[in-house]
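# A closer look at the structure
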There are 2 protein chains.
Amino acid sequence: MQRDKLLMTPGPTNIPYKVREAMSRPMIHHRTEEFGFYFNQMNKGLKMVFQTENPVLTLASSGTGAMEASITNVFSPGDKVLIANGGVFGDRLVKIADRFGLDVVTMDIPWGQEVTGDDIEAILSSEKGEGIKGVLITHNETSTGVTNDIESIGNLLKDRDCLLIVDAISSLGGIDLQTDNWGVDIVIAGSQKAFMLPPGLAFVSVSQRAWAAVEKSTFPKFYFDFSAYRESLEKNTTPYTPAATLIIGASESLKMIKEQGLENIFARHENLAKACRAAVKALGLELFASENAASNLITSIKSPNEIDIERVRSILNLDYDIMVAGGQQHLKGKILRIGHMGYVDGFDLIKTLSALERALIKTGYDIELGTAVSAAQAVLEY
Amino acid sequence: MQRDKLLMTPGPTNIPYKVREAMSRPMIHHRTEEFGFYFNQMNKGLKMVFQTENPVLTLASSGTGAMEASITNVFSPGDKVLIANGGVFGDRLVKIADRFGLDVVTMDIPWGQEVTGDDIEAILSSEKGEGIKGVLITHNETSTGVTNDIESIGNLLKDRDCLLIVDAISSLGGIDLQTDNWGVDIVIAGSQKAFMLPPGLAFVSVSQRAWAAVEKSTFPKFYFDFSAYRESLEKNTTPYTPAATLIIGASESLKMIKEQGLENIFARHENLAKACRAAVKALGLELFASENAASNLITSIKSPNEIDIERVRSILNLDYDIMVAGGQQHLKGKILRIGHMGYVDGFDLIKTLSALERALIKTGYDIELGTAVSAAQAVLEY
């Protein structure tokens, strides 16, 4: 039996039917009151999820576009920045900043480890740290399954003349990120993760301090010029044709998020992660990410030497229509990553773990059926 | 009775149910064979519509993003370009090129008039034309309803060391544009016009000559770096997360375009335009665009002095759920623009004209009911 795919990947994630239905309605024009209603609903919802009073800009682009925009809008060529690089997406920040000629100080974090405020402090207080105008960091590094502690880094930078830019593409709406309280100047999010939407939209919040930096930036930009988006946003519109169906979908998914409550959503993700980790341990497998920084949105699992983890992934996909992720770059074939973000509940996790048990056995890993699901059941609250 | 909106606007346009249904299916992951199938189908379809053997790149952005990308990928700061500016979108090309520090020679065309090869030739052969590395022009200027003759300009530039970049965002797939035969180096298209899709994707074809220019360009770019898209395209994938649902929709709409045949689609648009112009004249109204350059995709109509054309537009929208466009910038309140592009047929035009007759009468313009629809009926072939 071929089933609809269950996406247990770190994005794209499953999309509720209500949201898909909203996006499939007959097209409407974007310069109308009707579209303005959806746009406004989305924008209110974004402020709630970003936990901010700052304007949240919506770009028709992938998250990478918004990462680039965040760099070219607040810096100028040659500006010195510190980038924490502990995975594929930290590395992308470095690549973009390099490409645009920033003076990049890279903090190389072993994959699977978190960045701490102390690490950042050590660099900022050293000679290397002189003149650093911004710290760029990934909130939730999906390539490793690590979540960094943004609050401590925010506290560190509050009284320094240094911007904090956080790539929260895979985390926002899934785990707590208090943009204003923690003093995060720019938060970048993407539609295809905890927002329960298809890819194609990126969201960016910009603080007062960051707007002051926008004024000084000398990079030329047009499509990604934050000022144009802010100006249009004040009139409840967009500077260029918006990705209208995705925005209509966002207004619907943000309504669902509001109804459920951010706190409850964070708690659900935390519980799913705990259950998943308990199941992994019960199977005798090892977690890849440092336990005190293990993500609530994605669980990375080390492959036992004796089995072909890519075959496990393939069985899950082809035999059971459940998609999980493998390792990226040097971790290819070495880890398995189970996403549990967005429109995912305990039943989805149980289904995934029950399939994982079977896939492991098929691959020659000796376990007793029921081990993982029982361990998860004991932890799940639903 | 409230009806689904009929979009007779120059984008977004109506979307066939089949395409909307395809986009509303449960989400799939973009790094899979299944998505690769859709992506490949779309790419084959794009080559057909672009009439090119060049790679056609797909960006998650609005058309404006692709306009910027076309400039930053083949030029360098200070490069001299000639831009034909005869409306809002010609003006946008000028603004982007200015922003990125190109040396812009602007050809100001009176709104409603076309650009000819002779006009371009005159500039290129003059002192002003020395060192011009590229000519940028709008194929179909929706703000005025004018279509420019790209073939003659292409012929002019074939043996010159000068790139031809055409903004065909509103025209491609609706009127003939023979990318390879006419020697167009870069063609830019958008999803929300004749492609019968929502906004959110932009398509760009890049010629061999343009790729050589890409090698020399010194603008920093990352998200819009054409080379990254080409490299991924060769592996049937994308460098960053693609706007997957829109791509799935595109594979479906391009299948419909293929089934119908490009020639037949061009003929349908031509016939719709002729019928629309005949109806306008029968009503005693004047066409805004120069008749020999009047677009087959959008008909612009001068407002008679005695009536409030914005009220006509509002009646069409609010009383009859038919959206047409008004004038932009200095043409606001002075023209009405009826789009007939994409998923629009003769019945849609008849419906629109019958409503237009009523709206004109309500606004105090004295005509006999049936005038416009009869004139259109006599011309329409369906």
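These notes cover the structure that comes with them. (Residues numbered from 1 in each chain as written. Chains lettered and ligands numbered in written order. Predicted model: local features only at pLDDT ≥ 70, side-chain atom pairs only at ≥ 80, totals over all residues. Heavy atoms only, no water.)

The next thing to look at is the nonpolar core. Core analysis: the biggest nonpolar cluster contains 197 residues, and Phe75 and Phe195 of chain A together with Phe75 and Phe195 of chain B have the highest contact counts within it. Ignoring anything within four residues of it in the chain, the contact list for Phe195 of chain B reads Leu46, Val49, Phe50, Leu172, Ala189, Gly190, Phe203, Ser253, Leu254 and Ile257 of chain B. (Core = buried A, V, L, I, M, F, W, Y, C linked by side-chain atoms within 4.5 Å. Buried < 20%, exposed > 50% of the residue type's maximum accessible area, 1.4 Å probe, protein only. Contact = heavy atoms within 4.5 Å.)

Overlaying chain B with chain A gives an RMSD of 0.0 Å, the required rotation being 180° about an axis along which the chain moves by 0.0 Å. Considering both components of the superposition, the chain copies are consistent with a two-fold axis. By residue overlap, the copies meet face to face through one surface: 100% of the interface positions of chain B are interface positions in chain A. (Least-squares fit on C-alpha atoms with pLDDT ≥ 70 in both.)

The interface is formed by 48 residues belonging to chain B together with 48 residues belonging to chain A. Roughly 4000 Å² of surface becomes buried between chain B and chain A when both sides are summed, with 69% attributable to carbon and sulfur atoms. When the area that chain B buries against chain A is broken down by residue, the three leading residues are Met27, Arg99 and Phe222 of chain B, summing to 18%. At the surface where chain B touches chain A, the tally comes to two salt bridges. (Buried area = accessible area lost by both parts, 1.4 Å probe. Salt bridge = Lys/Arg side-chain N within 4 Å of Asp/Glu carboxyl O.)

Below, the discussion takes up the pairing of strand β2 (residues 56-60) of chain A. All names here are of chain A. Counting buried positions over the five residues of β2 gives five, a clear majority of the element. Neither face of β2 is exposed, since Val56, Thr58 and Ala60 on one face and Leu57 and Leu59 on the opposite face are all buried. Two elements, β2 and strand β10 (residues 201-206), share five bridges in a ladder whose sense is antiparallel. Across the sheet, Val56 pairs through a bridge with Ser205, a residue of β10. (Helix = DSSP H or I, 4+ residues; strand = E, 2+ residues; numbered from the N terminus. Pairing = 2+ DSSP bridges.)

All names here are of chain B. Counting buried positions along strand β11 (residues 298-302) gives four out of five residues, so the element sits mostly inside the fold. For β11 and strand β14 (residues 335-339), the ladder comprises five bridges, and the chain directions are antiparallel. Across the sheet, residue Ile298 finds its bridge partner in β14, namely Gly339.

The next thing to look at is unusual backbone geometry. Residues and elements named next belong to chain A. Note the cis peptide between Gly11 and Pro12, where omega equals -5°. Within the secondary structure, Pro12 is located in the loop between β1 (6-7) and α1 (17-23). Residue Asn236 is not a glycine yet carries a positive backbone phi of 60°. Among the structural elements, Asn236 can be located in the loop between α8 (226-234) and α9 (244-260).

Time to look at the packing of aromatic side chains. All names here are of chain A. Tallied over the entire structure, the rule returns 21 aromatic pairs over all chains. Consider the rings of Trp211 and Phe226, whose centres lie 6.5 Å apart with planes at 70°: the pair is edge-to-face. Highlighted residues: Trp211 in helix α7 (residues 208-216) and Phe226 in helix α8, separated in sequence by 15 residues. Since its relative accessible area comes to 3%, Trp211 is described here as buried. Looking at Phe226, the relative accessible area reads 0%, which means it is buried. Ring geometry for Phe222 against Tyr240: centres 5.6 Å apart, planes inclined by 25°, an arrangement best described as stacked. (Phe/Tyr/Trp six-rings, centres within 6.5 Å; stacked < 30°, edge-to-face > 60°.)

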